[in-house]
Amino acid sequence: MVADHVTQSTNGDDETQLDMLSSTRVVIKNALERLGYPNEVYELLKDSLRMLTVRIPVRMDDGSIKVFTGYRAQHNDAVGPTKGGVRFHPNVTEDEVNALAIWMSLKAGIMDLPYGGGKGGIICDPREMSFRELEGLSRGYVRAISQFVGPTKDIPAPDIFTNSQIMAWMMDEYSRIDEYNSPGFITGKPIVLGGSHGRETATAKGVTICIKEAANKRGIDLEDARVIVQGFGNAGSFLAKFLHDAGAKVIGISDAYGALHDPDGLDIDYLLDRRDSFGTITKLFNNTITNQELLEQDCDILVPAAVQNQITKENAHNIKASIVVEAANGPTTPEGTKILTERDILLVPDVMASSGGVTVSYFEWVQNNQGYYWPEEEIDEKLTKAMIKSFNTIYNTARTRQIDMRLAAYMVGVRKMAEASRFRGWV
Ligand code: GLU
């Protein structure tokens, strides 16, 4: 096994469990200090430049009107227009959208994309809404934010519980308001509406590339590796498939309701066939375990691909994997990061591992702008090259500076935005 020489954790010893926004700020501050930037740069970057709250009335199927609350955050547009997904989830909060917008800025910086970060969210439960109600909500959201966004201002995309159909409704609504066909307003569209080949699987592909690189560094052969993937949504399900096809043994998967575990390997193709569009699968089985139990099962590679705050100070000591690759946003708390790092578990952070989605979104936007479309092989090749380059920049930064990969990723991710903000004379 190759030693990583990763000795210092992202946060100080007295760091307690923090919410996502506060913990992101701690790492940004640390990254900026190490890069030699004065505190005023941190003061600018610790929050989104703009945060819009909207109220969206939707006529429901029973004839009543329900008013939903939504947000759109634009973190920093010094480098270029802001970019990031829209999440439909009952737990969406303003702080969460703010933190997620900051993460999008970091992802854009890490992948060297000409964007700043943005994020949107609507407090709703799409699992309990009809197709017609979802269309009303998607169109209503775009009407509410239309003056705030646009192909050269802020470009939305899919996130948790939103998909290419929702992107299609949003693009259609924006195009009506704009009076032009505006495919570049949003990414993650169906191919026939200017979507890009490879966008649907891009996050999973990016994570797979990171897993291969990480396994390589740790001398693990992916063909012999036992992998657990927490989450069976867009990222988790395609990821399980890619890893299975690469010869790895996927021994555990989960959804919001429970987890399936089989040390001999799961039949991923069967599970993919039976999952619903929200990634629900475990309801079909009796012999399930909990998500928390799944995380602690023996394996070589653990991929949290569901929601935030899964690996914490409570369970980080019990993680058996030697590599943890974060496909979800924020699955490991600061304390969790510290414990995994001290235990010499290689942790590939979310802002690196999950940046394949926004990278192919960038390719989609470029194709929309130029009106010329690339075949899937070209997208794959561009994504693979970009991910490998960024992974190694961050891995090497971590090794040379004796820091964990999260802090290294933040240093790489924040630099361009800090530099651009300075050149513009903002700080
Ligand atoms: N929602 C995805 C993310 O968190 C993709 C964003 C995009 O494609 O712009 O990275």
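Residues numbered from 1 in each chain as written. Predicted model: local features only at pLDDT ≥ 70, side-chain atom pairs only at ≥ 80, totals over all residues. Heavy atoms only, no water.

**Some details on the site of the ligand**
Now for step 1: Close contacts around the ligand come from 14 residues, with K83, K107, P158, D159 and S361 the closest.
Now for step 2: Note that an oxygen atom of the ligand is positioned 2.9 Å from one of the side-chain N or O atoms of K119.
Now for step 3: Within the contact set of the ligand, a nitrogen atom lies 2.7 Å away from a side-chain nitrogen or oxygen of D159.
Now for step 4: With the chains in place, 95% of the 300 Å² that the ligand exposes on its own is no longer accessible.
Now for step 5: No other element matches helix α12 (residues 356–370), which puts three residues into the shell around the ligand.
Now for step 6: Here the residues of the shell around the ligand sort into four nonpolar, five polar and five charged. (Near = heavy atom within 4 Å. Polar contact = N/O pair within 3.5 Å; in protein donor to acceptor, adjacent residues only side chain to side chain. Areas by Shrake-Rupley, 256 points an atom, 1.4 Å probe, with all protein chains shown as cover. Helix = DSSP H or I, 4+ residues; strand = E, 2+ residues; numbered from the N terminus. Nonpolar A, V, L, I, M, F, W, Y, C, P; charged D, E, K, R; others polar.)

**Some details on the state of the cysteines**
Now for step 1: Summed over all chains, the structure comprises zero disulfides.
Now for step 2: The thiol of C210 is unpaired, and the distance to the nearest cysteine sulfur, on C299, comes to 17 Å.
Now for step 3: We classify C210 as buried; its relative accessible area is 0%. (Disulfide = S-S within 2.5 Å. Buried < 20%, exposed > 50% of the residue type's maximum accessible area, 1.4 Å probe, protein only.)

**A word on the pairing of strand β7 (residues 226–230)**
Now for step 1: In terms of residue burial, β7 counts as a mostly covered element, since four of its five residues are buried.
Now for step 2: Sheet topology places β7 next to strand β8 (residues 249–255); four bridges connect them, and they run parallel. Considered in β8, the bridge of I228 is made with G252.
Now for step 3: Handedness of the β-α-β unit built from β7, helix α7 (residues 234–245) and β8 comes out right-handed.
Now for step 4: For β7 and strand β10 (residues 301–304), the ladder comprises four bridges, and the chain directions are parallel. Counted as the bridge partner of I228 is L302 from β10. (Pairing = 2+ DSSP bridges. Right-handed = clockwise from strand over helix to strand, strands pointing away.)

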